[in-house]
Every structure is written in C-alpha cells, then in structure tokens.
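Results of the structural survey
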Amino acid sequence: MAKPQRRMIDLLGDSVEFEVRRSSAASKPRIDVDIHGVTVVIPQNEDIQPSKILRENAAWVVDKQRSYEAYREQIPDRTFEVGESFPLLGKDRELVIESRTKNGVDEDTIRLRESAVKQSSVKQVLENFYRRQARDFFTNRIEQYAERMDVEYDKIEVRNQRTKWGSCSTTGTLGLNWRLLMAPPDVAEYVVIHELAHLREQNHTDEFWSYVEEYDSSYKEHNRWLKENSVQLIFTPDDL
C-alpha cells in the first residue's frame, strides 16, 4: 500500500501539514489529530475536498495541533549517559555504570552492570532493569490488594504498551505498563487497584468508581496526575 502523501494548508495563519486517507469503513468524513499529525479520513467513494473540511474546522484543528506540539516540547531529552537522572517510583536517581554482578538501585542511584551494557546498550539494559523492577512491584501490590479486595486474578503481564497504563481481561489477566515505575508509587498503585476493580465490574460505572475509592481515596488525584504528567513517563520518542 502506498504511503499517504503529505500536504500543506494554511489555517488561521498556521501552516498545517496533513494527509488524506480513504476508508471503506468510514461512513462520513472526519479529521483525526494526534501526536503524529493531522489526517483527513474520507469514505471510499465520496468526492469530498479535504481542504474544505479542514477550513470548516480550522479553529479545532489548530487548537489540537498546538496542544500536541506543546506536549512534544515537554518530552524528556534522555541521552542515556552516565550521570543522567532517571525517575524510579517518582524519585530521580543518578545513572551509574560499574563492575558488579547484577543491576541494582539505592536511595539516590540506579546502578547498571557494566558487562551487560557492553553487550547491549545503556538504553536496553536500563529498560530491562525497569521491567524487572516493575514485575516485582506489581506482583507485590497485586497480591496485597487482591486479597484485600477479595478478587482473584489469573496472571500478571508486564507490557510495553504505548497508549495504555493497564488492562484487565475477562479471563483475569492483568496487564501493567512498565513505564509506571517512573511514576510516584501511589500513582502506580492506583492503576493496580483500578485494574483489580475490573475483576468485579468491567465497566466504569458509579459502582466501579465507588469500589476503587474504597481502596484509594485519592484516586481522582492519581488519575489526574497520570493525565497531566504522562509525558514525563515517555522513555524515548519511540514510545509515541
């Protein structure tokens, strides 16, 4: 399939790049704006000018695009070098690479095994470190809260999702994003509680949120933290 051609249009004085995509599944034209750009989706057999749709919705498109541009500017510029700080459970810790038998962490530092870095890269070894820490953290918290909440789960999966912090399948599989280990611990615990609550109620009903609140009275604050600070949990631009 040919890659959609990028086009340019002037909207309210802003130069906006966009692409056009024909879709047999679309019942009416729409505009999608996300971190990757602007796309005009048009039903397969309709003769519609994308520029007309964009100009009719110019204010909305420009506002959305500016918000994503501001988001991009906040993405951490990680170089994965010794001495750089990386957050672990909400606290920045200095990256150290040294001769040791295994990766470790203390109050102020994350210490990576030098031989592992030489065989791979700082980025990959650090990601593996986060994943291991995430499995230990999630296993511990899930076991604690599952007992308190009187729910049963099948298994835990530490996932590399780009758009989800957590999930709960109908079969009881709990999926948690390893990047949550960069957030404060009470925020990561909120996601654990949220997904465990889905074992009782699959939908976000009033009953669901009341159940979550029983075990996290500050869940609204933690949910808001994730929405407002998610950019700080981006490991590399490849996460986008």
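Shown above is the structure to which this text applies.
In this report, the structure presented in the accompanying data block is examined. (Residues numbered from 1 in each chain as written. Predicted model: local features only at pLDDT ≥ 70, side-chain atom pairs only at ≥ 80, totals over all residues. Heavy atoms only, no water.)

Tallying each qualifying case throughout the model produces 10 aromatic pairs. With centroids separated by 5.1 Å and ring planes inclined at 85°, the aromatic side chains of Trp178 and Phe235 adopt a geometry described as edge-to-face. Separated by 57 residues along the polypeptide, Trp178 in the loop between β11 (173–177) and α5 (185–197) and Phe235 in the segment after α7 (219–229) bring together distant segments of the chain. Between Tyr211 and Tyr215, the ring centres sit 5.5 Å apart and the planes meet at 80°, which makes this aromatic pair edge-to-face. Pair noted here: Tyr211 and Tyr215 are both in helix α6 (residues 206–215), with a separation of four residues, about one helical turn. A residue is classified by how much of its surface remains accessible, and Tyr211, at 8% relative accessible area, is buried. Given the relative accessible area of 18%, Tyr215 is considered buried. Cluster of aromatic residues (ring-pair linked, three or more members): Phe80, Phe86, Phe129, Tyr130, Trp178 and Phe235. Across the ring face of Tyr211, the terminal group of Arg200 is positioned such that the distance to the ring centre comes to 4.4 Å. (Phe/Tyr/Trp six-rings, centres within 6.5 Å; stacked < 30°, edge-to-face > 60°. Helix = DSSP H or I, 4+ residues; strand = E, 2+ residues; numbered from the N terminus. Buried < 20%, exposed > 50% of the residue type's maximum accessible area, 1.4 Å probe, protein only. Lys NZ or Arg CZ within 6 Å of the ring centre and 35° of its normal.)

All right, on to the sheet that holds strand β6 (residues 91–98) then. The four strands lie next to each other as β5-β6-β8-β7, forming an open sheet whose pairing is mixed. Each having just a single partner strand, β5 (85–88) and β7 (104–105) make up the two edges of the open sheet. As paired strands, β5 and β6 are joined by four bridges and run antiparallel to one another. Within β6, the residue paired with Ser85 across the bridge is Glu94. (Pairing = 2+ DSSP bridges.)

Our focus in this paragraph is the pairing of strand β4 (residues 37–43). Here β4 lies mainly inside the structure; seven of its seven residues are buried. Of the two faces of β4, the one lined by Gly37, Thr39, Val41 and Pro43 and the one lined by Val38, Val40 and Ile42 are each fully buried. With six bridges connecting them, strand β2 (residues 14–23) and β4 associate as parallel partners. Residue pairing across strands places Glu19 opposite Thr39, the latter belonging to β4. With five bridges joining them, strand β3 (residues 30–34) and β4 adopt antiparallel strand pairing. Each residue of the ladder has a partner; that of Arg30, found in β4, is Val41. With antiparallel pairing between neighbouring strands as the criterion, β3 and β4 make up a hairpin whose turn holds two residues.

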